[in-house]
Amino acid sequence: MTETSIDTADITGKTLKSVEAWQTGHFILTSGKHSSEYMQCQKVMQYPRLGNLLADLLIEKVESAGLKPETVVGPALGAIHWELYVAQALERHLCKDNKKACDTTSSAEQLQHLADHGAEIRADKSLVKAVFAEKIPEDPGFAIRRGIELKPGEKVLVVEDVTTTGGSARKVVEMLKSMECDPVAVGAVVDRSGGKASFDVPFINLLALDLETYEPDACPLCDQGSVAIKPGSTIK
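Here is a short report on the structure shown in this document. (Residues numbered from 1 in each chain as written. Predicted model: local features only at pLDDT ≥ 70, side-chain atom pairs only at ≥ 80, totals over all residues. Heavy atoms only, no water.)

### Here we look at the nonpolar core
Among the nonpolar cores identified, the biggest contains 36 residues, and Leu 16, Met 39, Leu 58, Trp 82, Val 86 and Val 190 are the most heavily contacted of them. Every element with two or more residues in this core is listed here: helix H2 (42-45), helix H3 (48-64), helix H4 (82-95), strand E6 (155-163), strand E7 (182-191) and strand E8 (203-208). Sorting elements by how many residues they give to this core places H3 first, with seven residues. The contact partners of Val 86, leaving out residues within four places of it in the chain, are Ala 55, Leu 58, Ile 59, Val 72, Leu 157 and Val 159. Grouped together as the second largest cluster of nonpolar side chains are 17 residues, Phe 142, Val 173, Val 186 and Phe 199 included. (Core = buried A, V, L, I, M, F, W, Y, C linked by side-chain atoms within 4.5 Å. Buried < 20%, exposed > 50% of the residue type's maximum accessible area, 1.4 Å probe, protein only. Helix = DSSP H or I, 4+ residues; strand = E, 2+ residues; numbered from the N terminus. Contact = heavy atoms within 4.5 Å.)

What follows is the structure, encoded as structure tokens:
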């Protein structure tokens, strides 16, 4: 796949709509703002084939930008599943240049391969980590827990499903820098900020939209008597 042979935004939009992930109504976004449109990307991520399709599209764009991440990290809960699909896509691309470490065709062959080359595989850079960063109770930041370790200088792609303000991804970038890692980019399925979200690293998305959002105390949908629902699960 190349940028010249496919329309990434068109494919992404059709994929979201095919599973009713692109919804209309009256919603409270994870940023706290209100909107008449909502992207529930978990409706896509529940299908590995679709999640992997979008992840491959993102990694194509990351590589086209000349970026070389080693690890994928995303904020929970929005990036859960997505960070795994993106890490798998990254690993597939890295494996194109390292058949010895990656080219197995069945579960039995993979088990034997791990038995024969386990230490070599663990040391190989084509073994990509997929990590979710957790919100810290009573703290605005994120942390990586559960025994997962990242090395100083490790090149990390930060991912989230939908970017509205970019707050969560920005906090993860800050966390990684505090760990002396090297966040190389932020990647999202949808940028619904209308180009307003910005980071001090490159921002790569599959679909950019300018969907109007409203502060809760200035929402015309509320003024019309509509009751907002909160379909998301975290605050970004």
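### Some remarks on the sheet that holds E8
With mixed pairing, the six strands of this open sheet are ordered in space as E5-E4-E3-E6-E7-E8. For this open sheet the edge positions go to strand E5 (142-143) and E8, each flanked by a neighbour on one side alone. Note that strand E4 (residues 129-135) and E5 share two bridges and pair antiparallel. Residue pairing across strands places Glu 134 opposite Ala 143, the latter belonging to E5. In the packing of H3 onto the sheet, contacts are made with E6, E7 and E8, and the angle to E8 comes to roughly 135°. In this fold helix H7 (residues 167-178) packs onto strand E3 (71-75), E4, E5, E6 and E7, with an angle of close to 165° to the strand it touches most, E6. (Pairing = 2+ DSSP bridges. Axes fitted to C-alpha atoms, helices over the stretch in contact; angles between N-to-C directions.)

### Quick word on H4
Because an α-helix packs 3.6 residues into every turn, residues spaced three or four apart end up facing the same way. Given a rise of 1.5 Å per residue, 14 residues ought to cover 20 Å, and the 20 Å separating the end C-alpha atoms of H4 matches this to within 8%. Taken together, the buried positions of H4 are occupied by Trp 82, Glu 83, Tyr 85, Val 86, Ala 87, Ala 89, Leu 90, His 93 and Cys 95. (Expected span 1.5 Å × (residues − 1).)

### Describing the environment of Ser 18
Among the structural elements, Ser 18 can be located in helix H1 (residues 8-18). A distance of 2.7 Å separates a polar atom in the side chain of Ser 18 from the backbone oxygen of Thr 15. (Polar contact = N/O pair within 3.5 Å; in protein donor to acceptor, adjacent residues only side chain to side chain.)

### With respect to the sheet that holds strand E9 (residues 213-214)
Strand pairing in a sheet relies on backbone hydrogen bonds. The paired strands run either parallel or antiparallel. Spatially, the three strands line up as an open sheet ordered E1-E2-E9, and their pairing is antiparallel. A strand with exactly one partner marks an edge of an open sheet, and here the two such strands are strand E1 (22-28) and E9.

### Describing the pattern of salt bridges
Counting across every chain of the model gives nine salt bridges. Put simply, Lys 14 and Asp 10 hold a salt bridge, and the shortest N to O gap is 3.1 Å. Taken together, the residues Lys 14 and Asp 10, both in helix H1 and four residues apart, mark about one turn of the helix. Owing to a relative accessible area of 55%, Lys 14 belongs among the exposed residues under this scheme. Lys 177 is paired through a salt bridge with Asp 200; the nearest N and O atoms lie 2.6 Å apart. Placement of the pair is Lys 177 in helix H7 and Asp 200 in the loop between E7 and E8, with a sequence separation of 23 residues. By relative accessible area, Lys 177 is classed as partly exposed at 38%. (Salt bridge = Lys/Arg side-chain N within 4 Å of Asp/Glu carboxyl O.)

### So, unusual backbone geometry
Of note, the amide linkage connecting Ala 76 to Leu 77 takes the cis form, showing an omega dihedral of 5°. By the element assignment, Leu 77 lies in the loop between E3 and H4. For Glu 20, which is not a glycine, the phi torsion comes out positive at approximately 60°. Along the chain, Glu 20 falls in the loop between H1 and E1.

### Description of H1
Turning to H1, its buried residues number three or more, namely Thr 8, Thr 12, Gly 13, Thr 15 and Leu 16. What you see down the axis of H1 is that its buried residues fit within an arc of 160°, all on one side. Along H1, exposed side chains directed more than 90 degrees from the buried face belong to Lys 14, Lys 17 and Ser 18. Among the structural elements, E1, strand E2 (34-39), H2, H3, E7 and E8 are those in contact with the buried residues of H1. Downstream of H1 by a residue or two, Glu 20 has a phi angle that is positive, lying close to 60°. (Arc of directions from axis to C-beta.)

### Brief notes about the packing of H3 against H4
Each pair of packed helices gets described by two things: the angle between the helix axes and the distance between those axes. Across the interface, H3 lies against H4 with an axial gap of 8 Å and an inter-helix angle of 60°. Classed by the angle they form, the pair H3 and H4 counts as oblique. Note on packing geometry: the crossing formed by H3 with H4 is right-handed. Counting all contacts with H3, which are made through Pro 48, Gly 51, Asn 52, Leu 54, Ala 55, Asp 56, Leu 58, Ile 59, Glu 60 and Glu 63, the residues of H4 involved are Trp 82, Tyr 85, Val 86, Gln 88, Ala 89, Leu 90, Arg 92 and His 93. In terms of residue class, the contact of H3 with H4 is made up of 10 nonpolar, four polar and four charged. (Parallel < 35°, antiparallel > 145°, perpendicular 65-115°, else oblique. Left-handed = near helix turned anticlockwise from the far one by under 90°. Nonpolar A, V, L, I, M, F, W, Y, C, P; charged D, E, K, R; others polar.)

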